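# Structural features, examined
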Amino acid sequence: MLIIENIQKLKRFFVRNIETQENKGTRMKSKSPKVVHKVCGKEMVNHVIDISNKAGVNDVVVILGHGSETVKNVIPEKSIVVMQTEQLGTGHAVKMAKETINDEDTIVVLCGDTPLIEKETLEKLFAYHLENEYMATVLTTKVEDPTGYGRVIRDSEGNFEKIVEQKDANEEELAVNEINSGIYCFKGDKLKEALDLLDNNNAQGEYYLTDTMKIIKDKGSKVGVFVGATIEELMGVNSRVQLAQAEAIMRKRINKKHMDNGVTIINPENTYIEANVQIGKDTIIEPGVMLRGNTEIGDECIIGMNSSITNSKIGNFTEVKISTIIDSAVGENTTVGPYAYLRPNSNVGNHVKIGDFVEVKNANIGDYSKASHLSYIGDADVGKDVNIGCGVVFVNYDGKNKFRSVVEDGAFIGSNSNLVAPVHVKHKGYIATGSTITDDVPDGALAIARQRQVVKEGWVAKKEARDTKKENNK
């Protein structure tokens, strides 16, 4: 559960990991608290925190129970943590944060397992609550089938009367189709007063936060009902099936956002883009692409089908063809692939060609250089205008330690050569095809490190004669 508090503007935000058997992973079949399971690359609880921050919230207070250490490890470091050692209901959870609430604060409560709530919905709720000077406001929606949800009961004039949980509702109340979202706003002093008056006289034997609404109303304060959410936004995630459903909805939203911003996504249903990814205008995303983490794609790029890019930056006008890029950076007007593999800490410059089946790891490659096919460039600093031929291997590991190689501007590394690190190929140094280089190569020098070819005339006929003689002697 998440709570936000504010004086004049929304400033403080409490997060609570509500503890029921569902949260302990019974339905998720998981050892981890459900709120740390990811939707489009981000933990559910962090989706809610981030959206709330965008709606005007800054400070975060986290109320934790089961799996507290796991949740602590994923939430923002600036969060204040409050422990709920006994799980006695939603009202009890909020009461654990009571000391952090000031009388004039506006408190906003949200659910940590509802990652689909949208910023605009929260902004409208906050405005409705503050402009009408309500002491408490509940966010609601209407559905055809309200089964499983708490019902919002209104009086004959349409004003708030109470919230009834499904297990406590009578037949008439069960017929109501306006449901409680689990999202509320409160004035600080009214909430604290109501928390002190809560009891657990209900089917669950728990202290319901919903009961605070009626307590505040019965004491003569204004209580509001804001019908402003969709059922999609309020979808709670309690199982792997629901997690997949939330993922599909979130992915559709993310893809639409990028398309609205000028990105061409050829097949949105077959494209996976995580929440923090940024993409420039006029970039084309082909089917099967996966963009993860804090990836940034520039303008007018082409990200070819089935490419996977994670936590990497791709410059403008660059094309990636069926390749994998992880924790790396690629410059502008560069081509990568097909079937290239850029492993962590690869930095590729502008106007570079990284061709098919080229692997780069922990290496820097300067502008206008090219490795067209079938090479391994690991632990290396490669300058500008360098040509790396087919089958070149930067031999960086001696079985115990790794070493770096340096190839300066204008060098030419012939096909099927090995550079045994540490080795330094200087400006415009040339490596003859098939060489194994273990020593530095001076400026403008040609290095040849291979045996001279030997030709033995008639060797094949002699071999065949020997083989025939052996067969006859058996």
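For the structure itself, consult the block above.
This report concerns the structure included in the present document. (Residues numbered from 1 in each chain as written. Predicted model: local features only at pLDDT ≥ 70, side-chain atom pairs only at ≥ 80, totals over all residues. Heavy atoms only, no water.)

### Details of the overall build of the chain
Counting secondary structure elements, the chain contains nine helices and 42 strands. Its C-alpha atoms give the chain a radius of gyration of 32 Å, clearly above 23 Å, the size a compact globule of 474 residues would have. Structurally, the chain occupies a C-alpha span of about 110 × 60 × 40 Å along its principal axes. Residues classed as buried in the chain amount to 48% of the 474 residues present. Across the chain, every contact between residues at least 6 apart in sequence was considered, and the portion connecting residues at least 24 apart equals 41%. Here the chain displays about 22700 Å² of accessible surface, and carbon together with sulfur accounts for 47% of that area. Across the chain, the 59 positively charged side chains and the 67 negatively charged ones have centroids separated by 8 Å. (Helix = DSSP H or I, 4+ residues; strand = E, 2+ residues; numbered from the N terminus. Rg over C-alpha atoms; globule rule 2.2 N^0.38 Å. Buried < 20%, exposed > 50% of the residue type's maximum accessible area, 1.4 Å probe, protein only. Contact = heavy atoms within 4.5 Å. Areas by Shrake-Rupley, 256 points an atom, 1.4 Å probe, with all protein chains shown as cover. Lys, Arg positive; Asp, Glu negative; His and termini not counted. Charge placed at Lys NZ, Arg CZ, Asp CG, Glu CD.)

### Focus on the pairing of strand E7 (residues 106–110)
Among the five residues in E7, five count as buried, and that is most of the element. Of the two faces of E7, the one lined by Thr106, Val108 and Leu110 and the one lined by Ile107 and Val109 are each fully buried. Relative to strand E11 (residues 178–187), E7 runs antiparallel, the two sharing four bridges. For Ile107, the partnering residue across the bridge sits in E11 and is Phe186. (Pairing = 2+ DSSP bridges.)

### Comments concerning the environment of Cys111
Structurally, Cys111 is set in the loop between E7 and helix H4 (119–131). When the C-alpha positions of Cys111 and Pro442 are compared, they lie 66 Å apart, and in sequence the two are 331 residues distant.

### Some words on a negative patch on the surface
Where like charges cluster on the molecular surface, the negative patch consists of Asp282, Asp299, Glu300 and Glu332. By the element assignment, Asp282 lies in the loop between strand E15 (278–279) and strand E16 (284–285). Asp282 sits in the exposed class, given a relative accessible area of 52%. (Patch = residues over 30% accessible without salt bridge, like charges linked within 9 Å, V, L, I, M, F, W, Y side chains within 5 Å. Salt bridge = Lys/Arg side-chain N within 4 Å of Asp/Glu carboxyl O.)

### Quick word on the sheet that holds strand E33 (residues 380–382)
Strand order across the open sheet formed by nine strands is E15-E18-E21-E24-E27-E30-E33-E36-E39, with parallel pairing between neighbours. The open sheet has two edge strands with one neighbour each: E15 and strand E39 (424–425).

### Observations concerning the side chain of Thr283
When you line up the elements, Thr283 lands in the loop between E15 and E16. For Thr283, a relative accessible area of 0% corresponds to the buried category. A distance of 2.6 Å separates the side chain of Thr283 from the backbone oxygen of Gly298, its partner in a polar contact. Apart from residues no more than four positions distant in its own chain, Thr283 is found in contact with Gly262, Val263, Thr264, Ile297, Gly298, Asp299, Glu300 and Cys301. (Polar contact = N/O pair within 3.5 Å; in protein donor to acceptor, adjacent residues only side chain to side chain.)

### Considerations on the nonpolar core
The biggest cluster of nonpolar side chains holds 57 residues, and the ones touching the most others in it are Leu291, Ile354 and Ile377. Those elements that place two or more of their residues in this core are helix H8 (240–260) and E33. Ranked by the residues each element gives to this core, the list is headed by H8, at five residues. The next biggest cluster of nonpolar side chains, apart from the first, holds 22 residues, and it includes Val138, Phe160, Ile216 and Val223. (Core = buried A, V, L, I, M, F, W, Y, C linked by side-chain atoms within 4.5 Å.)

### Comments concerning the packing of aromatic side chains
All told, the structure shown has five aromatic pairs when counted by the stated rule. Seen from their ring centres, Tyr339 and Phe357 are 5.2 Å apart, and the 15° between their planes marks the pair as stacked. With Tyr339 in the loop between strand E25 (335–336) and strand E26 (341–342) and Phe357 in the loop between strand E28 (353–356) and strand E29 (359–361), this residue pair connects regions lying 18 residues apart in the sequence. Aromatic ring contacts, followed pair by pair, group Tyr128, Tyr134 and Phe226 into a single cluster. Stacked on the ring of Tyr397, the Lys or Arg Lys402 has its end atom at 5.9 Å from the ring centre. (Phe/Tyr/Trp six-rings, centres within 6.5 Å; stacked < 30°, edge-to-face > 60°. Lys NZ or Arg CZ within 6 Å of the ring centre and 35° of its normal.)

### Remarks on unusual backbone geometry
The linkage connecting Gly337 with the following residue, Pro338, adopts the cis geometry, with an omega of 10°. The topology assignment puts Pro338 in the loop between E25 and E26. Cis geometry is found at the peptide bond from Ala421 to Pro422, where omega equals 0°. Along the chain, Pro422 turns up in the loop between strand E38 (418–420) and E39. Its identity as a non-glycine residue notwithstanding, Glu133 has a phi of 55°, on the positive side. Its location among the elements puts Glu133 in the loop between H4 and strand E8 (136–142). Judged by its relative accessible area of 60%, Glu133 is exposed. You will see that Asn416, though not glycine, has its phi angle at about 60°, which is positive. Summarising the element assignment, Asn416 is placed in the loop between strand E37 (412–413) and E38.

### Regarding the side chain of Ser372
Relative to the helices and strands, Ser372 resides in strand E31 (residues 370–373). According to the relative accessible area criterion, Ser372 is buried, its value standing at 17%. Look past the residues within four positions of Ser372 in its chain and what remains in contact with it is Lys353, Gly355, Asp356, Val358 and Ile388.

### Comments concerning the sheet that holds strand E19 (residues 302–303)
Pairing is parallel in the open sheet, where 11 strands are placed in the order E13-E16-E19-E22-E25-E28-E31-E34-E37-E40-E42. Looking at which strands have only one partner, the edges of the open sheet turn out to be strand E13 (264–265) and strand E42 (446–447). Examined bridge by bridge, E31 and strand E34 (residues 387–388) share two bridges and lie parallel to one another. Along E34, the bridge assignment pairs Lys370 with Asn387.

### As for helix H1 (residues 44–54)
For H1, the buried fraction is high: eight of the 11 residues fall into the buried class. By the burial criterion, the buried members of H1 are Met44, Val45, Asn46, His47, Val48, Ile49, Ile51 and Ser52.

### Considering the state of the cysteines
Inspection of every chain in the model, using the stated rule, returns zero disulfides. Unpaired in terms of disulfides, Cys40 finds its nearest cysteine sulfur in Cys111, a separation of 20 Å. Note on Cys40: relative accessible area 1%, which makes it buried. (Disulfide = S-S within 2.5 Å.)

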